[in-house]
Amino acid sequence: MRDDFYTKKRAIPLSNMILMVASVLCIIATIIVFIFYNRHQKSKYNSPEAGNGITSSATNTPSQPSATPEVVLDPIIPTEMTIGTRFNPPAGYTRVAVANDSFGSYLRTFALREYKTLPLVYDSATKTLTNNTEAPAVSVLAMDLINKSNLQEASNSAVRLYAEFLYSKGRFDDISFNLLTTPAFKCDFRTWTEGGRLAEEGNSITWCKEHGEHCNHRDVDTGTEYNVFRYYLQNVMIHSNLDSLKTNLSSVSSSEVTVGDVIIYADSRIPDIVVDVATDANGNKLVLLARGGSPASEIYIVRNESNADMNPWHELNKLLAGASFYRFK
């Protein structure tokens, strides 16, 4: 009986067989899933889009940064009302830096009249101011003529701008101009504010400070009020021209030219005032020019009549022939 028990083949229950098959199938499925997932992950991390710095040899080329397109601004914005905001430099040029309290900053922020306004010019025949339709004007500076007469001619326009700048900063002691006399007479605003007036003796001038019956000065206003300053400028302009202007200037090279400098031409009695400057990466300079006129004219921005694409900017290197560059001392 015991021998039969050990030697007789034992039958496996059906439920156990089903459980064993299911287990084997689960193991096989797990292996298949693991192999598939592992291959997918390797493919994912080896792709250029993975962003982990691992790239295949076929795609091992560094990406090039996209160039930022240059913003091209309108050369003239008629609605803007200052030199620095109405006129933009051409593409590739940027404005030079100027100090906040400098003559250059004063000019760059100078107010302009409405766009397409014509400058007023003194008509010698009628003794009135009329529109100057022949002036190559792009815009007109918002500054009236001294005394509305023929005093503020071309060279005196530079004197007017520089004097107005100094006055606006309260630099009264710096307002001083040499007059066209023999010898040259230094007419300073400080003496004028203290009651000094000009006494002419032939081609020379001296200060008259004690006013009475011996002189023609009556009701002399003193102080630094604007009306006193205007009358001072009027007297300076009576005795000034291009030759006397030069005595108030020092020479500079073309490479030094900046906002506020004066350009005098060998073949003209009408100087230009540099009211803005822009440069490119190679150091090439563009200038905005302003001028008055003879007869006296309101100061205006000069149109570039030889290169409409640059207008109203002028290439400095094309002004070099016959041009000399100066700066107020």
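Everything numeric in this text was worked out from a predicted model, so none of it was measured. (Residues numbered from 1 in each chain as written. Predicted model: local features only at pLDDT ≥ 70, side-chain atom pairs only at ≥ 80, totals over all residues. Heavy atoms only, no water.)

Visitor: Got a minute to help me understand the pairing of strand β5 (residues 176-179) in this structure?
Guide: Residues in a regular strand point their side chains to alternate faces of the sheet. Where burial is concerned, the two faces of β5 agree: the one with Ser176 and Asn178 and the one with Phe177 and Leu179 are both buried. Pairing of β5 with strand β6 (residues 185-188) involves 4 bridges; the strand directions are antiparallel. Among the inter-strand pairings, asparagine 178 is bridged to a residue of β6, identified as lysine 186. Here β5 folds back onto β6 in antiparallel fashion, the turn holding 5 residues. (Buried < 20%, exposed > 50% of the residue type's maximum accessible area, 1.4 Å probe, protein only. Helix = DSSP H or I, 4+ residues; strand = E, 2+ residues; numbered from the N terminus. Pairing = 2+ DSSP bridges.)

Visitor: Is there a simple way to explain the packing of helix α5 (residues 154-168) against helix α7 (residues 226-238) in this structure?
Guide: The geometry of a pair of packed helices is captured by two quantities: the angle between their axes and the separation between those axes. Contact geometry for α5 and α7: axes closest at 11 Å, N-to-C directions at 155°. In terms of orientation, α5 and α7 fall into the roughly antiparallel class. The two elements α5 and α7 cross, and the hand of that crossing is right-handed. Together, Asn156, Val159, Arg160, Ala163, Glu164 and Tyr167 of α5 and Tyr226, Phe229, Arg230, Leu233, Val236 and Met237 of α7 make up the contact between the two elements. Here the residues of the contact of α5 with α7 sort into 8 nonpolar, 1 polar and 3 charged. (Axes fitted to C-alpha atoms, helices over the stretch in contact; angles between N-to-C directions. Parallel < 35°, antiparallel > 145°, perpendicular 65-115°, else oblique. Left-handed = near helix turned anticlockwise from the far one by under 90°. Contact = heavy atoms within 4.5 Å. Nonpolar A, V, L, I, M, F, W, Y, C, P; charged D, E, K, R; others polar.)

Visitor: In this structure, what is going on with the packing of aromatic side chains? I would like to understand it.
Guide: For any pair of aromatic rings, the description consists of the separation of the ring centres together with the inter-plane angle of the planes. With the rule as written, the count across this model stands at 19 aromatic pairs. Taking 5.7 Å as the distance between ring centres and 65° as the angle between the ring planes, the aromatic pair formed by tryptophan 192 and tyrosine 231 counts as edge-to-face. Pair noted here: tryptophan 192 is in helix α6 (residues 189-193) and tyrosine 231 is in helix α7, with a separation of 39 residues, a long-range link. Its relative accessible area of 1% is what places tryptophan 192 among the buried residues. (Phe/Tyr/Trp six-rings, centres within 6.5 Å; stacked < 30°, edge-to-face > 60°.)

Visitor: What should I look at first to understand unusual backbone geometry in this one?
Guide: Leaving glycine out, the prevailing phi sign among residues is negative, and the prevailing peptide bond configuration is trans. Following threonine 182, the chain continues into proline 183 via a peptide bond in cis, with omega recorded as -5°. Tracing the backbone through its elements, the reader meets proline 183 in the loop between β5 and β6. Here the amide bond leading from serine 294 into proline 295 is cis, since omega sits at 0°, within 30 degrees of zero. Of note in this structure, lysine 116 is not a glycine but carries a positive phi near 75°. In the Ramachandran plot, lysine 148 falls in the positive-phi region, its phi being about 50° despite a non-glycine side chain.

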